[in-house]
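The residues making up each chain are set out below.
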Amino acid sequence: MGTPGERYQVVVHVDAPVLADPDQPGQCVLEGGAHVSAETSRRLACDASRVVMRHDPDGHIIEVGARTRTIPPALRRALHHRDRGCRFPGCGLPPGEGHHIRHWAQGGPTTLSNLALLCRRHHRAVHEEGFHLDRQPDGALQFRRPDGRPLPDVPPPVAVPADPVQALRAWHDTQGLQLHARTACPHWRGERLDLGWAIDVLHPLATQGAGSRR
């Protein structure tokens, strides 16, 4: 058993050139041999443990490095404290996965300024569904749709008054609304539908609407 944060493990073998550039040739395979996409490998490598293995020209392993965390524990705590949840507009779900804005395989540093917290769903969206994430010069995050259009920020939720019932009643008073227990009750008393009257009212309206569509 591992720590609570490592209850399962997925092993992916990825060639270094593929991590740096998904268009480069190379392998991206699971331990059992199943192939995965380059962007899936890059997403998993964003926030995972990694072991660097070097091979000779014949493919034999000549060196195996120590297992290290892509994002050290102290930096992860700082990231969670700063972001509090997924930074994708409108999400905010905690906890999340650390995302390298510029991937470490492309020279991006593993620093707080180059990291953002994303939930699994939106981490996949950024890597494999065409969404883009950049940090602006003022430090703000800018999300863009796959077609390049900016994804607008979601306004913060409206503050809830300490006594919402009393606040609602006060607003009703300013609007001249007098609500009571029977306000929403219909005036219908169970009598039969006057079908002729209903047709006389609705048929001209329906005919007028059909004429305007023509």
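One structure accompanies this document, and this report is about it. It should be emphasised that the depicted structure is a prediction, and the values quoted were computed from it without experimental measurement.

This paragraph deals with the overall build of the chain. Of the regular secondary structure elements, the chain holds six helices and ten strands. Compactness check: the chain gives a C-alpha radius of gyration of 29 Å against a globular reference of 17 Å for 214 residues, more than 25% above the reference. Projected onto its principal axes, the C-alpha coordinates of the chain cover approximately 90 × 50 × 40 Å. Here the chain holds 214 residues, and 21% of them are scored as buried.

Attention now goes to the nonpolar core. Within the largest apolar cluster, 13 residues are counted, with the highest numbers of intra-cluster contacts made by F88, L118, V126, L133, L141 and F143. Of all the secondary structure elements, the ones that give two or more residues to this core are strand 8 (115–118), helix 4 (120–128) and strand 10 (141–144). Once residues within four sequence positions are removed from consideration, V126 is found in contact with H99, L118, F131, L133 and F143. Of all hydrophobic cores here, the second largest spans five residues; its members include L75, L79, L115 and L117.

Here we come to the pairing of strand 9 (residues 132–135). Bridge count for strand 9 against strand 10 is four bridges, and the pairing is antiparallel. Residue pairing across strands places H132 opposite R144, the latter belonging to strand 10. Adjacent in sequence and paired antiparallel, strand 9 and strand 10 are bridged by five residues, among which G139 carries a positive phi angle near 95 degrees.

Moving on to the packing of helix 2 (residues 38–46) against helix 4. Look at helix 2 against helix 4: their axes get within 9 Å of each other, and the N-to-C directions meet at 135 degrees. Considered as vectors, helix 2 and helix 4 are oriented oblique to each other. Of the two elements, helix 2 crosses helix 4, and the hand of that crossing is right-handed. Within the contact between the two elements, helix 2 uses E39, T40, R42, R43 and C46 and helix 4 uses H123, R124, H127 and E128.

Next up on the list: the pattern of salt bridges. In total, this model carries eleven salt bridges according to the counting rule given. Between R43 and E128 there is a salt bridge; the shortest N-O distance is 2.4 Å. Taken together, the positions of R43 in helix 2 and E128 in helix 4 put the pair 85 residues apart, joining distant regions of the chain. Of the residues examined, R43 reaches a relative accessible area of 13% and is grouped as buried. In this structure, D83 engages R87 in a salt bridge whose closest nitrogen and oxygen atoms are separated by 3.0 Å. One salt-bridge network, held together by shared partners, links D47, R69 and R76.

Taking 1.5 Å of rise per residue, twelve residues should cover 16 Å, and helix 5 (residues 164–175) covers 17 Å from first to last C-alpha, within 8% of that figure. Just beyond helix 5, the residue with positive phi is G176, at close to 75 degrees.

Next up on the list: the packing of aromatic side chains. A complete count under the given rule lists two aromatic pairs for this structure. Ring centres 5.7 Å apart and planes at 75 degrees place the aromatic pair F88 and F131 in the edge-to-face group. One end of the pair, F88, is in the loop between helix 3 (73–83) and strand 7 (97–100); the other, F131, is in the loop between helix 4 and strand 9, with 43 residues separating them in the sequence. Of the two residues examined, F88 and F131, each falls in the buried class. When the centroid spacing of 5.1 Å and the interplanar angle of 65 degrees are considered together, the rings of F88 and F143 count as edge-to-face. Of this pair, F88 sits in the loop between helix 3 and strand 7 while F143 sits in strand 10, placing them 55 residues apart in sequence. On the basis of relative accessible area, F143 is assigned to the buried category, the value being 2%. An aromatic cluster is built from F88, F131 and F143, whose rings are joined through pairwise contacts.

The next subject is unusual backbone geometry. Residue P95 is reached from P94 by a cis peptide bond, and omega for that bond is -15 degrees. Locating P95 in the fold gives a position in the loop between helix 3 and strand 7. For R84, which is not glycine, the phi torsion reads 70 degrees and is therefore positive. Mapped onto the secondary structure, R84 falls in the loop between helix 3 and strand 7. The class for R84 is exposed, based on a relative accessible area of 58%.

Conventions we followed
- Residues numbered from 1 in each chain as written.
- Predicted model: local features only at pLDDT ≥ 70, side-chain atom pairs only at ≥ 80, totals over all residues.
- Heavy atoms only, no water.
- Helix = DSSP H or I, 4+ residues; strand = E, 2+ residues; numbered from the N terminus.
- Rg over C-alpha atoms; globule rule 2.2 N^0.38 Å.
- Buried < 20%, exposed > 50% of the residue type's maximum accessible area, 1.4 Å probe, protein only.
- Core = buried A, V, L, I, M, F, W, Y, C linked by side-chain atoms within 4.5 Å.
- Contact = heavy atoms within 4.5 Å.
- Pairing = 2+ DSSP bridges.
- Axes fitted to C-alpha atoms, helices over the stretch in contact; angles between N-to-C directions.
- Parallel < 35°, antiparallel > 145°, perpendicular 65-115°, else oblique.
- Left-handed = near helix turned anticlockwise from the far one by under 90°.
- Salt bridge = Lys/Arg side-chain N within 4 Å of Asp/Glu carboxyl O.
- Expected span 1.5 Å × (residues − 1).
- Phe/Tyr/Trp six-rings, centres within 6.5 Å; stacked < 30°, edge-to-face > 60°.

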